[in-house]
Amino acid sequence: MKARVAAILATATSLALLNSLVLTPGASDVFASDVFGSLRLPGDAAFIAGHRGDRSVAPENTIEAFTAAFENPSMQFVETDVQLSRDGVPMLFHDTTLKRVAGSPERVADLSVTELKKLDVGAFYGEDFIDTRMPSLDEFLELAGGYDKRLLIELKADWSPEELAIVVDAVERSGVGSRVLLQSFSIETLQNLQRAAPKQPRMLLIRELPADPVPMALRLGVLALGTTAQSVTAAPQALQRLHEVGIGVVCYTLNSERSWAEVQALGVDGIITDTPSDLDGWLADNAPGT
């Protein structure tokens, strides 16, 4: 008990130090603890994020999958991916090409929004979803307005400042901007976002954690890092260092009890999963206070 109290006090002290010494003028005043509710200690239940909506009941990155995720009480976050159409409309789609989901060899960037809206992105999942269409970011944000979930939106590949402005404007217009966390694997994209919209909360996606990821995280002004279960189990001290300065850690995309147990034991703050209801049930049985 004393160790737990000491850890909480240490995190609070580090947050105050980060606020007073590290943040630059114009940087976001939002911390991981604001967005995630709190930073977790080892053994605490992580928040649940639905990967591309709720893929267990509907085709990924569709209005049907997002609606199921928004209506699922076990989820605190809903995750999706955004790419620009040829005519500059943010569309929600994950893959590099349209082949797996829509049977087309082109990329999202090769087609106009009108052409993309003609594609069937549900038939691959099952007959019940034939003629399902690819949603735009605006449609997703409008749907989100009717619920209270937070949104994890991944910017796929590299984005210029001009391209980022399209997404940032859409988020600001939507009325749900306070619930949006933009994320990317691209350092260039995060640097451009930091300059273009410094108050927009953002997360760095990284496949392997360095031994001390804090300098990089602070330089990019991110409030969290998203990484793999293998990365945090290989470098648990990196997770601890991030928590010491108030930066969160989220793991993707974990669908097994073994992986959930590994990261919960280390105190990961959030888990992105394809099976949110299964994870919720497992947390209820294996995490205190859930």
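Quantities reported herein were computed from a predicted structural model and do not represent experimental measurements.

K.L.:
Is there a simple way to think about the packing of helix 7 (residues 161–174) against helix 8 (residues 187–196) in this case?
P.N.:
Relative orientation and spacing of two packed helices are given, respectively, by the angle between their axes and the distance between those axes. Orientation of helix 7 relative to helix 8, taken along the N-to-C sense of each, is 65°, at an axis distance of 10 Å. Considering their axes alone, helix 7 and helix 8 lie roughly perpendicular with respect to each other. Crossing hand, helix 7 versus helix 8: right-handed. Contacts between helix 7 and helix 8 involve P161, L164 and V168 from the first element and T189, N192 and L193 from the second. Here the contact of helix 7 with helix 8 is composed, by residue class, of 4 nonpolar, 2 polar and no charged.

K.L.:
Would you take a moment to explain the pairing of strand 1 (residues 47–50) for this structure?
P.N.:
Across a regular strand the side chains alternate sides, sitting on one face of the sheet and then on the other. Where burial is concerned, the two faces of strand 1 agree: the one with F47 and A49 and the one with I48 and G50 are both buried. Where strand 1 meets strand 2 (residues 77–84), 2 bridges bridge the pair, whose relative direction is parallel. Bridging across to strand 2, A49 finds its partner in F77.

K.L.:
Quick question: what am I supposed to make of the nonpolar core here?
P.N.:
Nonpolar side chains in soluble globular proteins tend to end up buried together. The biggest cluster of nonpolar side chains holds 58 residues, and the ones touching the most others in it are F140, L141, L151, I153 and L225. For this core, the element with the most residues is helix 7, which contributes 5 residues. The contacts of L141, once residues within four sequence positions are left out, are L151, I153, A170, V171, S174, V176 and V180. Counting 16 residues, the second largest nonpolar core, distinct from the first, contains F36, M203, L205 and A224.

K.L.:
What exactly am I supposed to notice about the confidence of the model for the chain here?
P.N.:
On average, residues of the chain score 91 in pLDDT, and 90% of them reach the 70 mark or higher. Of all the helices and strands in the chain, helix 1 (residues 2–22) carries the lowest mean pLDDT, 40, while strand 3 (residues 90–92) carries the highest, 99.

K.L.:
Any chance you could explain the pattern of salt bridges here in plain terms?
P.N.:
Oppositely charged side chains can pair when the atoms bearing their charge come close. Here the structure, examined in full by the defined rule, presents 15 salt bridges. The salt bridge partner of D95 is R100, with a shortest N-O separation of 2.7 Å. Put simply, R241 and E244 hold a salt bridge, and the shortest N to O gap is 3.2 Å. Remark: E244 and R241 occur in helix 11 (residues 236–244); sequence separation between them is 3 residues, near one turn of the helix. One network of salt bridges, with partners in common, ties together R52, R55, E60, D81, D95, R100 and D274.

Analysis parameters
- Residues numbered from 1 in each chain as written.
- Predicted model: local features only at pLDDT ≥ 70, side-chain atom pairs only at ≥ 80, totals over all residues.
- Heavy atoms only, no water.
- Axes fitted to C-alpha atoms, helices over the stretch in contact; angles between N-to-C directions.
- Helix = DSSP H or I, 4+ residues; strand = E, 2+ residues; numbered from the N terminus.
- Parallel < 35°, antiparallel > 145°, perpendicular 65-115°, else oblique.
- Left-handed = near helix turned anticlockwise from the far one by under 90°.
- Contact = heavy atoms within 4.5 Å.
- Nonpolar A, V, L, I, M, F, W, Y, C, P; charged D, E, K, R; others polar.
- Buried < 20%, exposed > 50% of the residue type's maximum accessible area, 1.4 Å probe, protein only.
- Pairing = 2+ DSSP bridges.
- Core = buried A, V, L, I, M, F, W, Y, C linked by side-chain atoms within 4.5 Å.
- pLDDT = per-residue confidence, 0-100.
- Salt bridge = Lys/Arg side-chain N within 4 Å of Asp/Glu carboxyl O.

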